[in-house]
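Below are the chains, spelled out letter by letter.
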Amino acid sequence: MDIKKYKKLSKPGAKKSLLNKLKKYFNRYIRLRDLQIKDGQIVGECISCRKQWIIKTNDRNEIINNDRKWGAGHYFRADTYKSIEFHPDNVHLQCYRCNRILSGNLSEYYENLIKKIGEKKYKELASLREQKKKYNIIEIDELIEKYKELCELECKRLNIKI
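To keep things clear, this report deals only with the structure shown in the data block. As the structure is a computational prediction, the values presented were derived from the model and not from experiment.

1. Considering the side chain of aspartate 34
Part 1 of the reasoning: Mapped onto the secondary structure, aspartate 34 falls in the loop between α2 (14–33) and β1 (36–38).
Part 2 of the reasoning: Here lysine 116 takes part through its side chain, which lies 3.2 Å from a polar atom of the side chain of aspartate 34.
Part 3 of the reasoning: Ignoring sequence-local partners within four residues, the contact set of aspartate 34 consists of Val43, His92, Leu93 and Lys116.

Given below as structure tokens:
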């Protein structure tokens, strides 16, 4: 990281701003990662209830569905377990109902999470959640760049623009 960028990132309030930016790109990545192409259509499926919905795009391949119908749902709460807040195995596509109204619908989430990542990865994740983690601005900046790039790759895979 160059000195100019580091100085800019070191300003008061920069860390909070960077964390918000990281959340934006990480959550966007999760929502894109979990979309699939089925019969020529882009389809999302909730990790908890397994409800599926078709993602609509306009003639410029931009998503036009209301983005609030689905979200990036954390199995282990992001506000409680900071060490795995940005761990991709802890976060999956969820419908609004399961994520917000049913507070994650965790019993269904657990069952489908085990099917998706396996018992071994789940146990590793559960172990990691107990670790203490505070991200520094350099780590946050690097994660932002990582998830920006991953979003671009997912957009190419899905042939969409965001």
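2. What about the layout of surface pockets?
Part 1 of the reasoning: Reported here for the largest pocket is a volume of approximately 690 Å³.
Part 2 of the reasoning: For the largest pocket, the lining is made up of 26 residues, of which Ala72, Gly73, His74, Asn99 and Arg100 are closest to its centre.
Part 3 of the reasoning: Elements that contribute at least two residues to the lining of the largest pocket include exactly α2, β4 (70–74), β5 (91–95) and α3 (96–101).
Part 4 of the reasoning: Ranked by the residues each element gives to the lining of the largest pocket, the list is headed by β4, at 5 residues.
Part 5 of the reasoning: Residue composition of the lining of the largest pocket, by class: 9 nonpolar, 8 polar and 9 charged.

3. Some words on helix α4 (residues 106–128)
Part 1 of the reasoning: Taking 1.5 Å as the rise per residue, α4 with 23 residues should run 33 Å; its terminal C-alpha atoms sit only 19 Å apart, a clear shortfall.
Part 2 of the reasoning: Along α4, the helix axis deviates most sharply at glycine 118, where the bend reaches about 105°.
Part 3 of the reasoning: Elements that come into contact with the buried residues of α4 comprise β4 and β5.

4. Thoughts on the nonpolar core
Part 1 of the reasoning: Formed by 29 residues in total, the largest nonpolar core has its most connected members in Leu22, Leu32, Leu35, Trp53 and Tyr147.
Part 2 of the reasoning: Listed by contribution, the elements that provide at least two residues to this core are α2, β3 (52–55), β4, β5 and α5 (137–158).
Part 3 of the reasoning: Of all the elements, α5 adds the most residues to this core, at 8 residues.
Part 4 of the reasoning: Apart from residues no more than four positions distant in its own chain, tyrosine 147 is found in contact with Leu22, Tyr25, Phe26, Tyr29, Phe86 and Pro88.
Part 5 of the reasoning: Residues Phe76, Tyr109, Ile117 and Leu125 belong to the second largest nonpolar core, which totals 11 residues.

About the criteria used
Residues numbered from 1 in each chain as written. Predicted model: local features only at pLDDT ≥ 70, side-chain atom pairs only at ≥ 80, totals over all residues. Heavy atoms only, no water. Helix = DSSP H or I, 4+ residues; strand = E, 2+ residues; numbered from the N terminus. Polar contact = N/O pair within 3.5 Å; in protein donor to acceptor, adjacent residues only side chain to side chain. Contact = heavy atoms within 4.5 Å. 1 Å grid on protein atoms, 1.4 Å probe; cavity = no way out; pocket = protein on both sides within 12 Å on 5 of 7 lines; lining within 4 Å. Points joined across faces, edges and corners; volume = space filled by probe spheres on them. Nonpolar A, V, L, I, M, F, W, Y, C, P; charged D, E, K, R; others polar. Expected span 1.5 Å × (residues − 1). Bend = angle between axes of the 7 residues up to and from the residue. Core = buried A, V, L, I, M, F, W, Y, C linked by side-chain atoms within 4.5 Å. Buried < 20%, exposed > 50% of the residue type's maximum accessible area, 1.4 Å probe, protein only.

Everything listed here is a matter of geometry and, on its own, says nothing about what the molecule does.
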